[in-house]
There are 2 protein chains.
Amino acid sequence: MVRRDLKARAAEEADLFRSYLSSQNLKMTRERRTVLEEIFDTTDHFGADELHLRFVSKKISMSRATVYRALDHLVKSGLVRRVYLDKKKAFYEHVYGRVHHEHMICLSCSKVIEFADDPLERRQDKVCRDLGFKPLRHSLRIVGLCRDCQ
Amino acid sequence: MVRRDLKARAAEEADLFRSYLSSQNLKMTRERRTVLEEIFDTTDHFGADELHLRFVSKKISMSRATVYRALDHLVKSGLVRRVYLDKKKAFYEHVYGRVHHEHMICLSCSKVIEFADDPLERRQDKVCRDLGFKPLRHSLRIVGLCRDCQ
DNA sequence: CTGACTGCAAAATGTTTGCAGATTC
DNA sequence: GAATCTGCAAACATTTTGCAGTCAG
């Protein structure tokens, strides 16, 4: 039952990606499908290189360049979000089927805490409306000390 | 009169920086003072490299490495904020004496709009409080389309 | 069959680092 | 005087790119 649902959702997401791609005159290739499958049930933050290494260790042949290119398309399609958790590199997270959330980052232990808050989102929308700005995506990063590290 | 105020504020800020530095067993050098002076009356977002070039063109001798190192200290001292406006590089902005603000970035014309909203800030504080997280700094990036580009 | 894609390796970019000599406190 | 700085150039890490051959629609 659960298994069937997962499959259905995966297919649904692949369809979304495919229609984004074709809207841009791009193609659904084996590699792009593989990337999407690989991140499908992840909820963590990963670097592009890290994802590439996962393929290497699974003996799935895919170049680093292709991983970068696929991630760019996934971000543009809205299925993946690029987040800036530290200044060294970009991180990615799978967003499809998940509730939108923001990040708190602990300066001391580097833990990343995800949270969601409706009133906060509504207030952002209001501010945008007042300024005539049409928001497409956003992210809030709060840096500080988590409960355990204070 | 205005000029005097500016001077007074600059001196005040230099003092803050100096006390941060000495609290970390660091020294107030000519270079660090020069960087602070250079950004003192700026309100824009600049890259480290860009700042270095400004020194080059003013015939002020300072290496790129020193600029990077000075900016790191200024960020840690709280006088400067590092913001992630695009994925290519880090930007910096002078915050001392300015009201805290967030950024909207237009996907189409790349314009950066700054805005501030109290209720938004208060809500963030509440969320942090509820989660036992002690916020030290934060930044909200809203990407979308500005009024002119819609 | 055409245009888009991939892998590769090289290049580009932004940032950091080790070291020798200079400077601050 | 001791510890911290600076400049330099080299090293680094991440990301992008040009090109020749491959593949999707």
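Residues numbered from 1 in each chain as written. Chains lettered and ligands numbered in written order. Predicted model: local features only at pLDDT ≥ 70, side-chain atom pairs only at ≥ 80, totals over all residues. Heavy atoms only, no water.

Some words on the pattern of salt bridges
Residue and element names in this part refer to chain B. Here is the rule: One speaks of a salt bridge when a side-chain nitrogen belonging to Lys or Arg is within 4 Å of a carboxyl oxygen belonging to Asp or Glu. Under the DSSP-based scheme used, a helix requires at least four consecutive residues in state H or I and a strand at least two consecutive residues in state E, with every element numbered from the N terminus.
Scanning the entire structure with this criterion turns up 24 salt bridges over all chains. Among the ionic pairs, E38 bridges to K58, the shortest N-O distance being 3.0 Å. Taken together, the positions of E38 in helix α2 (residues 30–40) and K58 in the loop between α3 (48–57) and α4 (64–77) put the pair 20 residues apart, joining distant regions of the chain. Here K111 and D148 are joined by a salt bridge, their closest N and O atoms 3.4 Å apart. Here D148 lies in the segment after β6 (134–145) and K111 lies in the loop between β4 (102–106) and β5 (112–115), a separation of 37 residues in the sequence.

Some words on the sheet that holds strand β1 (residues 46–47) of chain B
Each strand in a sheet pairs with another by means of backbone hydrogen bonds, the pair being arranged parallel or else antiparallel. Residues and elements named next belong to chain B. Our working rule: Strand pairing is assigned whenever DSSP detects at least two bridges linking the two strands.
Strand order in this open sheet of three strands is β1-β3-β2, and the pairing throughout is antiparallel. The open sheet terminates on both sides in strands that have one partner only, identified here as β1 and β2 (80–83). In this structure, β1 lies alongside strand β3 (residues 91–94), joined through two bridges in antiparallel fashion. Bridging from a neighbouring strand, G47 pairs with F91 of β3.

A closer look at the protein's contact with DNA strand C
What counts, and what does not: When we say a residue is near a molecule or strand, we mean one of its heavy atoms is within 4 Å of it. Two N or O atoms count as a polar contact when they lie within 3.5 Å, although within protein this holds only if one can serve as hydrogen donor and the other as acceptor, and sequence-adjacent residues are included solely when both atoms are side-chain atoms. Side-chain classes follow a simple rule in which Ala, Val, Leu, Ile, Met, Phe, Trp, Tyr, Cys and Pro form the nonpolar group, Asp, Glu, Lys and Arg form the charged group, and the remainder, Gly included, forms the polar group.
Lining the immediate environment of DNA strand C, one finds 23 residues, of which K27, T29, R32 and T66 of chain A together with K27 of chain B sit closest. For DNA strand C, a phosphate oxygen lies 2.5 Å from a polar atom in the side chain of R32 of chain A. Between DNA strand C and the protein, one listed contact pairs a phosphate oxygen with a backbone N or O atom of A90 of chain B at 3.0 Å. Elements supplying a minimum of two residues to the surface near DNA strand C: α2 (30–40) and α4 (64–77) of chain A together with α4 of chain B. Broken down by element, the surface near DNA strand C gets its largest block of residues, four residues, from α4 of chain B. Its residues placed into classes, the surface near DNA strand C shows seven nonpolar, five polar and eleven charged.

Digging into helix α3 (residues 48–57) of chain A
Residue and element names in this part refer to chain A. Selection rule: Any residue under 20% of the maximum accessible area for its type is buried, any over 50% is exposed, and the rest in between are partly exposed; the area is computed with a 1.4 Å probe on protein chains only. The arc in question is traced by the directions running from the helix axis to the C-beta atoms.
The set of residues buried in α3 consists of A48, L51, H52 and F55. On an axial view of α3, the arc spanned by its buried residues comes to 100°, and they lie on one face. Two residues or fewer past α3, K59 is found with a positive phi of approximately 60°.

Details of the confidence of the model for chain A
Quick reminder of the rule: The pLDDT value tells you how sure the predictor is about a given residue, anywhere from 0 up to 100.
The predicted model of chain A averages 94 in pLDDT, with 97% of residues at 70 or higher. The element-level mean pLDDT for chain A is lowest in helix α1 (residues 2–23) of chain A, coming to 89, with helix α5 (residues 118–131) of chain A highest at 98.

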